[in-house]
Amino acid sequence: MLSMVDYVHERIQSYPKDLIGVDFTMGNGHDTVFLADYCSYVYAFDIQKEALEKTKQLLKEKNNVQLILDGHQNMDQYITSFDIGIFNLGYLPLADHHVTTLLKTTQMAIKKALTSVQQVLFIVVYPGHEEGYKESLWIDDYVCQLDSHQWNVSSYKMLNKNQAPYVIEIQKKSV
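Description of the structure in this document. In this text the structure is predicted, and so the values were computed from the model without any measurement. (Residues numbered from 1 in each chain as written. Predicted model: local features only at pLDDT ≥ 70, side-chain atom pairs only at ≥ 80, totals over all residues. Heavy atoms only, no water.)

1. Overview of unusual backbone geometry
We count it as follows: A run of DSSP states H or I qualifies as a helix once it reaches four residues; a run of E qualifies as a strand once it reaches two. Both are numbered from the N-terminal end.
Phi angles above zero are rare outside glycine, and Lys 60 is one such case at about 55°. Along the chain, the position of Lys 60 falls in the loop between α3 (49-59) and β3 (65-69). Phi is positive for Gln 163, which is not a glycine, with a value near 60°.

What follows is the structure in structure tokens.
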């Protein structure tokens, strides 16, 4: 069975190549690198300098990525439109687990992302820690209320693992 991140990467490959991608939670840079290989240009956000440095090392000579040391809730200061986006919520693996994505900023970022996305938005949700649980409750409720004439919303999750990470895919319908 695929990990949640591998599932997202596989699903992204069902969309056209050479689009504009956004990694809303850069972390260790794996989603950013994947998007850089698949998309024509990528914007990647994180509030931790450590995340930018790790990602920069992974990117090597790639010049189609803008690394942004800022919170994802400020995405509208950098981009007005994108095709594919990834939120990989939670905390930076192997770093301070007290530095996590926060419900308030995640709410702002997802709402802004949905006004700018042209194709699809993926959200990897981690309900296994306190802030992640709060995020999961809000996200599940919010995406269930999206207009089904404008959006397709699906979920990929392990049903037999308590508080396991899961993926929400939000696909914008063609008008």
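The structure having been displayed, the exposition proceeds.
2. Points about helix α5 (residues 130-144)
What counts, and what does not: Given the number of residues in a helix, its expected span is that number minus one, multiplied by 1.5 Å. Exposure is judged per residue with a 1.4 Å probe applied to protein chains only, and the accessible area is read against the type maximum: over 50% gives exposed, under 20% gives buried, and values in between give partly exposed. Pairs of residues are marked as contacts when any of their non-hydrogen atoms sit within 4.5 Å.
Between its terminal C-alpha atoms α5 stretches 22 Å, which fits the 21 Å expected from 15 residues at 1.5 Å a residue. Every buried residue of α5 is listed here: Glu 131, Gly 132, Glu 135, Ser 136, Trp 138, Ile 139 and Val 143. Contacts made by the buried residues of α5 are with α4 (103-116), β5 (117-125), β6 (151-157) and β7 (166-172).

3. Points about the pattern of salt bridges
What counts is decided by this rule: Here, a salt bridge means any side-chain nitrogen of Lys or Arg that lies within 4 Å of a carboxyl oxygen of Asp or Glu.
Summed over all chains, the structure comprises seven salt bridges. The salt bridge involving Asp 37 is made with Lys 62; its shortest N-O contact spans 2.6 Å. Here Lys 62 lies in the loop between α3 and β3 and Asp 37 lies in helix α2 (residues 30-38), a separation of 25 residues in the sequence. Overall, Asp 37 belongs to the partly exposed group, its relative accessible area being 47%. Looking at Lys 62, the relative accessible area reads 33%, which means it is partly exposed. A salt bridge links Lys 134 to Glu 131; the nearest nitrogen and oxygen atoms lie 3.7 Å apart. A residue pair is termed a helical-turn pair when its members lie 3 or 4 positions apart in one helix, as Lys 134 and Glu 131 do in helix α5 at three residues.

4. Comments concerning the sheet that holds β7
Definition in use: Only strands that DSSP links by at least two bridges are regarded as paired with each other. Here an axis means a line fitted to C-alpha atoms, over the contact stretch when the element is a helix, while the angle between two N-to-C directions is reported on a 0 to 180 degree scale.
Sheet architecture is open: seven strands sit in the order β3-β2-β1-β4-β5-β7-β6, paired in mixed fashion. The open sheet has two edge strands, β3 and β6, and neither has a second partner. Averaged over all pairs of adjacent strands, the angle between strand axes in this sheet comes to 15°, irrespective of strand direction. Relative to β3, strand β2 (residues 41-46) is paired through five bridges, and the arrangement is parallel. Paired with Val 42 across the bridge in β3 is Val 65. Contacts between helix α1 (residues 4-12) and the sheet are confined to β4 (82-88), β5, β6 and β7, with β7 contributing the most and set at about 20° to the helix. Sheet contacts for α5: β5, β6 and β7; angle to β7, the most-contacted strand, approximately 35°.

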